[in-house]
Amino acid sequence: MAKTEAYPMVGGDVAYSYAKNSSYQRDVLDAGKELIEEAISENFDLKSLGFDTSSKVIKIADLGCSVGPNTFIAMQNIIEAVELKFFQAKNQNLSGLEFQAFFNDHYENDFNTLFKSLPPSRKYFAAGVPGSFHGRLFPKSSLHFAHISYALHWLSKVPKEVANRNSSAKSKSSVYNSSAAEAYSTQFKNDMECFLNARAEELVPGGLMFILASVVPDCIPVSNTSTGVFYEVLGSCLNDLVKMGVLGEEKLNSFNWPAYRATPKELEAIFRKSGKFSLEKMEKLADKGMKTPPSPEGFALAIRAATDGLIRNHFGDEFAEQIFKHFTTKVEENFSRIMGLAHNNLSVFILLKRLE
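Let us look at the structure shown here. All residue numbers refer to positions counted from 1 along the written sequence of the respective chain. Reporting in this predicted model follows two pLDDT cut-offs: at least 70 for local features of residues, and 80 or more for side-chain atom pairs to be given and counted; totals over whole chains, interfaces and linings ignore these cut-offs and use all residues. The side-chain quantities take in all heavy atoms of the structure and omit both hydrogens and water.

1. Let's talk about the packing of aromatic side chains
Note on aromatic pairs: the rings of Phe, Tyr and Trp (six-membered ring only in Trp) are paired at centre separations within 6.5 Å, and the planes decide the class, stacked below 30 degrees, edge-to-face beyond 60, tilted for the rest. For the structure on display, the rule yields 19 aromatic pairs. When the centroid spacing of 5.7 Å and the interplanar angle of 45 degrees are considered together, the rings of Phe230 and Tyr231 count as tilted. One aromatic cluster is present, built from ring pairs that chain together Trp154, Phe230, Tyr231, Phe255, Trp257, Phe315 and Phe327. Criterion for a charge above a ring: Arg CZ or Lys NZ at most 6 Å from the ring centre, at most 35 degrees from the ring normal. Above the ring of Tyr16, the side-chain terminus of Arg304 is found at 3.7 Å from the ring centroid.

Rendered as structure tokens:
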């Protein structure tokens, strides 16, 4: 099992919980639904996978599931596509077809909230699988589908070159900067190698993996994206609090952002190098826009839903409210910049097929 740093999304029913502040991730799932249906229709071979008998149990894993409701939507999208595939296939019917759904996230994830909110009319048997998706989670050749949405950018750990305060790759005034890009890229590639090796063991030959990922466009620096502005705004927020005497400078200097958004070219190179999957498709998701455009406060709440644990772990519980209150103010001041560069933040759908 891989040893990783873990800061799960905010659980429970608080105002800044992930369940209440993940509408953007929901929109990404909706945009990818048709592509998942198409992928299963064209690439899921019923006969070669042994589904020509009376027993048909299909096993699906959602990796980095958090607390819902998005993970339930992802499961439903896959199940509906499989049912359609069976319905359309000659000599196949839905009789005897069953689904086993595995919900995976870090041990610290709020699995209680997850299972309390399971859809009562679900078409699957549900099980939780705690642990890092950077390592093995399931027995060999036990899964038919793996799904991961907006989670691969989280690293297993901060690169050691960045964590070392004396390194030139470390920025003392921001949570991320261009001088650290190579170190972050290397860590991301190492993590992806572990991730792909684990999934290659767990998926049956011919099994499919759906990845919905947040990426940075090729040839565009992170600073020219809304993600880059977010890094800048958070760094400015923390620096302000140091100047106010709320936070210690040492705490700021030792804080590092444990995530990396790759480019499509980087991802393609990683997939092709693995040699264990065929890259069937990598496609930009249709930009339908947010169903409800975010407000500055809504944007800040969504960030807190994803990062509250990280902030508390590093700076302390007693400073969390002050940090996020000031962060909301900084977001309000910079919101036009954040949204003005949103078009440079891409979401892509990736389909990988386990080689025979």
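After that view, the rundown keeps rolling.
2. Considerations on helix α6 (residues 226-243)
Segments assigned H or I by DSSP are reported as helices when at least four residues long, segments assigned E as strands when at least two residues long, and all are numbered from the N terminus. To estimate the expected span of a helix, count its residues, drop one, and scale the result by 1.5 Å. Taking 1.5 Å of rise per residue, 18 residues should cover 26 Å, and α6 covers 25 Å from first to last C-alpha, within 8% of that figure. Think of it in three bands: residues with accessible area under 20% of the maximum for their type are buried, residues over 50% are exposed, and the middle band is partly exposed, with areas taken using a 1.4 Å probe on protein chains only. Among the 18 residues that make up α6, 15 are buried, leaving the element largely enclosed by the rest of the structure. Just past α6, the residue Gly245 takes up positive phi, approximately 85 degrees.

3. Considering the pairing of strand β3 (residues 125-130)
Residues in a regular strand project their side chains so that they alternate between the two faces of the sheet. Strands are treated as partners if at least two bridges between them are detected by DSSP. Sheet topology note: the strand β2 (residues 97-105)/β3 ladder contains six bridges and is parallel. The partner of Gln100 across the bridge, within β3, is Phe125. Remark: the β2/helix α3 (residues 111-116)/β3 crossover connection has right-handed handedness. The handedness rule is simple: strands pointing away from the viewer, and a clockwise path from the first strand over the helix to the second, make the crossover right-handed.

4. Here we look at the packing of helix α5 (residues 181-202) against helix α8 (residues 264-274)
Relative orientation of the contacting elements α5 and α8 amounts to 40 degrees, with a least axis distance of 10 Å. Judged by the inter-axis angle, α5 sits oblique to α8. In this structure, the crossing between α5 and α8 has a hand that is right-handed. Along its contact with α5, which presents Ser185, Phe188, Lys189, Met192 and Leu196, the element α8 presents Glu266, Leu267, Ile270, Phe271 and Ser274. Each axis is a line fitted through C-alpha atoms, and for a helix only the stretch in contact is used; angles between axes span 0 to 180 degrees, taken between their N-to-C directions. Here is the rule for angles: anything less than 35 degrees is roughly parallel, anything more than 145 is roughly antiparallel, 65 through 115 is roughly perpendicular, and the remaining ranges are oblique. Each crossing gets its handedness from the near helix: less than a right angle anticlockwise from the far helix is left-handed, clockwise is right-handed. Contact criterion: two residues are considered in contact whenever any of their non-hydrogen atoms come within 4.5 Å of each other.

5. Some words on the sheet that holds strand β6 (residues 277-284)
Reading across the sheet, the seven strands line up as β3-β2-β1-β4-β5-β7-β6 and stay open at both edges, with mixed pairing between neighbours. Each of the sheet's edge strands pairs with one partner strand only, and the pair in question is β3 and β6. Between one strand axis and the next, the sheet turns through 15 degrees on average, direction left out of account. Pairing of β6 with strand β7 (residues 346-354), which is carried by seven bridges, proceeds in the antiparallel orientation. Residue pairing across strands places Ser278 opposite Lys353, the latter belonging to β7. The sheet strands contacting helix α1 (residues 23-43) are β4 (143-149), β5 (203-215), β6 and β7, and the helix crosses β5 at an angle near 150 degrees. Contacting β1 (56-63), β4, β5, β6 and β7, α5 runs over the sheet at an angle of about 145 degrees to β5.

6. Some thoughts on α8
Residues of α8 that are buried include every one of Pro264, Glu266, Leu267, Ile270 and Phe271, and no others. The buried residues of α8 all sit within an arc of 160 degrees when viewed along its axis, so they share a single face. The outward face of α8, more than 90 degrees from its buried face, is lined by the exposed residues Lys265, Arg272 and Lys273. Packing partners of the buried residues in α8 comprise α5, β5, β6 and β7. One or two steps after α8, the chain reaches Gly275, where phi turns positive at roughly 70 degrees. Taken from the helix axis, the directions to the C-beta atoms give the arc we talk about.

7. Section: unusual backbone geometry
The amide bond that connects Gly68 to the next residue, Pro69, takes the cis arrangement and shows omega of 5 degrees. The topology assignment puts Pro69 in the loop between β1 and α2 (70-88). Unusually for a residue other than glycine, Ser141 sits at a positive phi of about 50 degrees. Topologically, Ser141 is positioned in the loop between β3 and β4. Residue class for Ser141 comes out partly exposed when judged on its relative accessible area of 37%. In this structure, Tyr150 is a non-glycine residue whose phi angle is positive, near 50 degrees. Here Tyr150 falls in the buried class, since its relative accessible area comes to 13%.

Taken by themselves, the reported measurements are silent on function.
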